[in-house]
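Geometric and topological summary
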Amino acid sequence: MSDGDAGVPDPPDGHRSPVDAFARWAASEPVPLDRAALAIASHCRADPVDEAAALAELDRLGAAVREPTPDAVVDLLFSQEGFGPNRGRFADPANSYLDLVVSRRLGIPITLAVVTIEVARRAGAVLHGVGMPGHFLVGTPDPEVFIDAFDGCVIDRAGAAAIFARFESRQAFDDSFLQPTPPEAILLRMLNNLRTLHLRQPDAPSMLAVLELLTRLPGCPIDEYMRLGQALATLGRPDEGARALEGAADRFGGNDGDQLRRAATRLWAQLN
């Protein structure tokens, strides 16, 4: 078993779809960030994703960390292995696909943070995500020490506040921004990043892929199912959209369920 499994055994069915795999990883305890992030890539990209190769490289990197400390992880990834920001093409969706971030050594703050967290875990160091607005960070066991994986450096609380001020000038910094971010919220932020990219450059099939994953996250709100149904209808598949809404209605029940069924009825009407 690869360290990438995070203690979760492989599914018995080797033909599990990326959507089902993502749902399984997202609902696991603990959530294997590497596996869930790779499922995002597998579902949202047209070209094949070699998940085994990406996990093997993360394993190799974890084994190469000289000691289980944040400084050692940062030194390996950003000084020795050359991981860094894709500044010239920040809006490239490839920056959100973990396998490409691992192979190209380029990414955005959140995916570089996932690499950092997962390599550290393999090396025996416990790090966590910090979903500061505007710029994702990595937290350490010391509540005053953080990693900026985008610039590949260790910073303190004042450094985090300074980064925040560069990106979020319209609101004041609050210490609550540096609280640990649970893995499922990291996955949500990754998917929302992709959603934003596909909204800027309209791409209905890619948006659908993102929505199919968003609606498999635990606690997904009703609005995402509405968007999923509409996306399927936009692609000429209103029957699939209606069935997706009816399935969600059964799970939600109550007023939300009624609202979803009404939306499903409107989609069925498109077939008449």
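Residues numbered from 1 in each chain as written. Predicted model: local features only at pLDDT ≥ 70, side-chain atom pairs only at ≥ 80, totals over all residues. Heavy atoms only, no water.

**Overview of the pairing of strand S5 (residues 145-148)**
Defined as follows: Any two strands with at least two DSSP-identified bridges between them are counted as paired. By the criteria applied, helices consist of DSSP H or I runs no shorter than four residues and strands consist of E runs no shorter than two, each listed in order from the N terminus.
Pairing of strand S4 (residues 137-139) with S5 involves two bridges; the strand directions are antiparallel. Residue pairing in the sheet places Gly-139 in a bridge with Phe-146 of S5. Linking two consecutive strands that pair antiparallel, namely S4 and S5, is a turn of five residues. The antiparallel pairing of S5 with strand S6 (residues 153-156) creates a hairpin that spans four residues between the two strands, and Gly-152 there sits at a positive phi of about 65°.

**Points about unusual backbone geometry**
For clarity, the threshold we go by: We call a residue buried when its accessible area falls under 20% of the maximum for its residue type, exposed when it is over 50%, and partly exposed in between, using a 1.4 Å probe and counting protein chains only.
Following Glu-29, the chain continues into Pro-30 via a peptide bond in cis, with omega recorded as 0°. The residue Arg-105 is not glycine, and still its phi comes out positive at about 65°. Inspection of the secondary structure assignment puts Arg-105 in the loop between helix H5 (98-104) and strand S2 (106-107). By relative accessible area, which is 14% here, Arg-105 ends up buried.

**Quick word on the pairing of S6**
Of the pairings in the sheet, the one linking S5 to S6 comprises four bridges and is antiparallel in character. When the sheet's bridge partners are listed, Ile-147 is paired in S6 with Val-154.

**Description of the side chain of Asn-86**
Put simply, the rule is: By definition in these notes, contact holds between two residues if any of their heavy atoms fall within 4.5 Å.
Its place among the elements puts Asn-86 in the loop between strand S1 (84-85) and H5. Setting aside residues up to four positions removed in sequence, Asn-86 forms contacts with Asn-95, Arg-104, Leu-106, Gly-107 and Phe-150.

**Let's talk about helix H11 (residues 238-252)**
For clarity, the cut-off: A helix is expected to reach a length of 1.5 Å times the quantity of its residues less one. It is the directions from the helix axis to the C-beta atoms that the arc portrays.
End to end, H11 covers 21 Å across 15 residues, agreeing with the expected 21 Å (1.5 Å per residue, within 8%). All of the buried residues in H11 are Pro-238, Gly-241, Ala-242, Leu-245, Ala-248 and Ala-249. Projected down its long axis, H11 carries its buried residues within an arc of 130°, all on one side. Among the exposed residues of H11, those oriented more than 90 degrees off its buried face are Asp-250 and Arg-251.

**Structural notes on the layout of surface pockets**
Sizing a probe to match a water molecule and rolling it over the atoms shows the empty space that remains. Selection criterion: Within this scheme a cavity is a closed region of a 1 Å grid, computed over the protein atoms alone, that accommodates a 1.4 Å probe without allowing it to escape, whereas a pocket is open but has protein on both sides within 12 Å along at least five of seven lines; lining residues each have an atom within 4 Å of a point. Grid points are joined across faces, edges and corners, and a volume is the space filled by probe spheres set on the points. Think of it as three bins: nonpolar holds Ala, Val, Leu, Ile, Met, Phe, Trp, Tyr, Cys and Pro, charged holds Asp, Glu, Lys and Arg, and polar takes everything else, Gly as well.
Size it by volume and the largest pocket reaches roughly 450 Å³. In this structure, the largest pocket is lined by 18 residues; those nearest its centre are Phe-90, Ile-108, Pro-109, Gly-134 and Asn-193. Top element by residues in the lining of the largest pocket is helix H8 (residues 183-200). It accounts for six residues. Across the lining of the largest pocket, the residue classes tally to nine nonpolar, six polar and three charged.

**A short note on the packing of aromatic side chains**
The geometry of two aromatic rings is summed up by the distance between their centres and the angle between their planes. Cut-off, in case you're wondering: Stacked, tilted and edge-to-face are the three classes applied to pairs of Phe, Tyr and Trp rings, where Trp contributes its six-membered ring and a pair requires centres within 6.5 Å; stacked means planes under 30 degrees apart, edge-to-face means over 60, and tilted covers the rest.
Counted according to the given criterion, the structure contains four aromatic pairs. Aromatic ring contacts, followed pair by pair, group Phe-164, Phe-173 and Phe-177 into a single cluster.

**Comments concerning the sheet that holds S4**
Taken together, five strands build an open sheet; the order of strands is S6-S5-S4-S3-S7 and the sheet is antiparallel. The open sheet is flanked by S6 and strand S7 (180-181), the only strands paired with a single partner.

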